[in-house]
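Structural description and commentary
The residues making up each chain are set out below.
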Amino acid sequence: MTLDDHAEDLASDLGVDKQEVKQGLENLVEYSVPVEEAKQSLRRKYGGGGGSENTGPSAADIADVDTDSGSVTVTAVVLTVGTRSIRYQGDDHTILEGELADESGTISYTAWEEFDLEPGHTVTIGNASVREYEGRPELNFGESSTVEQADEDLDVPYEVGGDRDLAELRAGDRGRTVEVQVVDVETRTIDGRDGETEILSGVLGDESARLPFTDWNPHDELAEGASVRIEDVYVREFRGVPSVNVSEFSTVTELAEPIELGGPTRMELRDAVGRGGAYDVELQGNVLEVRDGSGLIQRCPECGRVTQKGQCRQHGEVDGEDDLRVKAILDDGTATVTAILGRDITEQVYGGGLEDARQQARDAMDQEVVADTIREELVGGEYVVRGHLSVDEYGANLEATAFRPADDDPAERAEAFLAEVDA
């Protein structure tokens, strides 16, 4: 049935003007309320319908809420509250979003109206719809929902408030607060929803990690080297890692004491891949293989993609520009990743520059000889690689920012491993 059909049937049942009912349905559906729940809401509004359709949504523990729950009522503690402006179906909306918790678990939420939500308060939310967000259920509540202070406070085993270290952030987090140093920052002009827009982008760091960030409403306080407290940020995934997003509703305050920066996070490959990606991570393993597409390569002058036999996937036949890179399979016994070394690191590994590689290829009349030289140098050795790991349907790829031979003693590591197993 179309929305017009639903409106006609409902208007007939309730004895209400069809256009008025249709407008009400459209408003609710626009806020992600399922059609059947929207019809229930309008029946309650006009006092008609009776029977099972007039029964309110059942109370549920958060752990029992899933994407098939439809409409529910929950009593929970507000853990975080963030504010954001979004554009939905051509209109700008200011929404509240964050995380709720009861004794059974946590769930994210989006509130489409200005409800009284404060971190630490226990509230009962009636007639909240459930949708899927970032692969998990999320509560949505708007004009057909109610939010009231609960009669009794809940004691939940979760931290109230949004303060987090960078290493604790995950894609989908909203209403978070971080204290960080601005490691790098640049001003960029993008084609935004209102035309050309100036934004800031760069890297934030603290003692736990470093992460990329975007400031969609540039704050002067976000200058390179500054230590700041940023309240009300949200986190998206960018190339497989969390990315901090600063908005017009974020508050940026300079700190009196500088934030110390930690080094890269050392991880086993299994843990890094299992997280779905990591920014500024350090991995150690043996190079098992130098893959095809390494050594002396050609890139499209338009988009930078590697060409195959003079062909770019996007721009067709092009006159490719020479470059150097390595795609090495790194293995530590727990998992494998493809470490991608750019020109600078490849030159160090190869022992020569781009012109040296060209000359070797001309002498051999085969550019594959450059990759063979690199294979002889790398395969079988153990290395430490620092960089940014992304994981997608094509596998795990580590964009290297540093590369060096491992300098620890394998015998000592083996003894430590055996001691851990015995313990």
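Residues numbered from 1 in each chain as written. Predicted model: local features only at pLDDT ≥ 70, side-chain atom pairs only at ≥ 80, totals over all residues. Heavy atoms only, no water.

A few words now on the environment of V178. The topology assignment puts V178 in strand 8 (residues 176-192). Given a relative accessible area of 1%, V178 falls into the buried group. Expressed as a C-alpha distance, the spacing of V178 and D92, which sit 86 residues apart in the sequence, is 27 Å. Ignoring any residue separated from it by four or fewer positions in sequence, one finds V178 in contact with R164, L166, L169, V228, R229 and I230. (Helix = DSSP H or I, 4+ residues; strand = E, 2+ residues; numbered from the N terminus. Buried < 20%, exposed > 50% of the residue type's maximum accessible area, 1.4 Å probe, protein only. Contact = heavy atoms within 4.5 Å.)

One non-glycine residue, K309, adopts positive backbone phi at about 55 degrees. By the secondary structure assignment, K309 is in the loop between strand 16 (295-299) and strand 17 (311-312). Among the residues examined, K309 registers a relative accessible area of 87% and is labelled exposed. Of note, the phi angle at M365 is positive, near 55 degrees, even though the residue is not glycine. Its location among the elements puts M365 in the loop between helix 6 (354-364) and helix 7 (368-378).

This part covers a negative patch on the surface. Where like charges cluster on the molecular surface, the negative patch consists of D61, D64, D66, D68, E103 and D155. On the secondary structure map, E103 appears in the loop between strand 3 (91-102) and strand 4 (105-111). (Patch = residues over 30% accessible without salt bridge, like charges linked within 9 Å, V, L, I, M, F, W, Y side chains within 5 Å. Areas by Shrake-Rupley, 256 points an atom, 1.4 Å probe, with all protein chains shown as cover. Salt bridge = Lys/Arg side-chain N within 4 Å of Asp/Glu carboxyl O. Lys, Arg positive; Asp, Glu negative; His and termini not counted. Charge placed at Lys NZ, Arg CZ, Asp CG, Glu CD.)

Here R375 shows up in helix 7. A polar contact is formed between the side chain of R375 and the backbone oxygen of V290, at a distance of 3.0 Å. Excluding residues that lie within four positions of it along the chain, R375 makes contacts with V290, R291, D292 and E368. (Polar contact = N/O pair within 3.5 Å; in protein donor to acceptor, adjacent residues only side chain to side chain.)

With that settled, consider the nonpolar core. Residues L283, V370, L378 and F403 are the most contacted members of the largest nonpolar core, which totals 33 residues. Ranked by the residues each element gives to this core, the list is headed by strand 15 (residues 277-290), at five residues. F403 has contacts with L341, I345, V349, L378, Y383, V384 and V385, leaving out every residue within four places of it along the chain. Ranked by size, the runner-up nonpolar core spans 23 residues in total, among them L200, A226, V233 and V252. (Core = buried A, V, L, I, M, F, W, Y, C linked by side-chain atoms within 4.5 Å.)

With that settled, the discussion passes to the side chain of E138. Along the polypeptide, E138 turns up in strand 6 (residues 136-141). At 3.3 Å, the side chain of E138 and the side chain of T110 are in polar contact. Residues in contact with E138, not counting those within four places in the same chain, are I107, S108, Y109, T110, S129, V130, R131, Y133 and R174.

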